[in-house]
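# A look at the structure
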Amino acid sequence: MTRKIGSKHEAQHRGTKERQEIRRTNIAREAVKMAEARAKYRNQVKGRPQLEAAAA
């Protein structure tokens, strides 16, 4: 849950630039996560278990 300042949430006190920066960093962080997941399952057949033993 977000922290409160008086009766308002902290996010309501943020400026436009700060909110845009937070949004950009969140999008970038999510893109990194998706790229790692894609790399991990890149050559996998859908619905089959991962074959780590065969690759080693």
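Residues numbered from 1 in each chain as written. Predicted model: local features only at pLDDT ≥ 70, side-chain atom pairs only at ≥ 80, totals over all residues. Heavy atoms only, no water.

In this section: the overall build of the protein. If you tally the helices and strands in the protein, you get two helices and two strands. When its helices and strands are written in sequence order, the protein yields β-β-α-α. Among the 56 residues that make up the protein, the fraction classed as buried is 0%. Total accessible area computed for the protein in this model is approximately 5700 Å², and 53% of it derives from carbon and sulfur atoms. (Helix = DSSP H or I, 4+ residues; strand = E, 2+ residues; numbered from the N terminus. Buried < 20%, exposed > 50% of the residue type's maximum accessible area, 1.4 Å probe, protein only. Areas by Shrake-Rupley, 256 points an atom, 1.4 Å probe, with all protein chains shown as cover.)

A complete count under the given rule lists two salt bridges for this structure. Residue Arg14 is joined to Glu18 by a salt bridge in which the shortest nitrogen-to-oxygen separation is 3.6 Å. Residue classification places Arg14 among the partly exposed positions, given a relative accessible area of 26%. (Salt bridge = Lys/Arg side-chain N within 4 Å of Asp/Glu carboxyl O.)

Once that is clear, we can look at the confidence of the model for the protein. Scored by pLDDT, the protein has a mean of 82; 82% of the residues are at 70 or more. When the elements of the protein are averaged for pLDDT, helix H2 (residues 52-55) gives the smallest value, 54, and helix H1 (residues 16-40) the largest, 94. (pLDDT = per-residue confidence, 0-100.)

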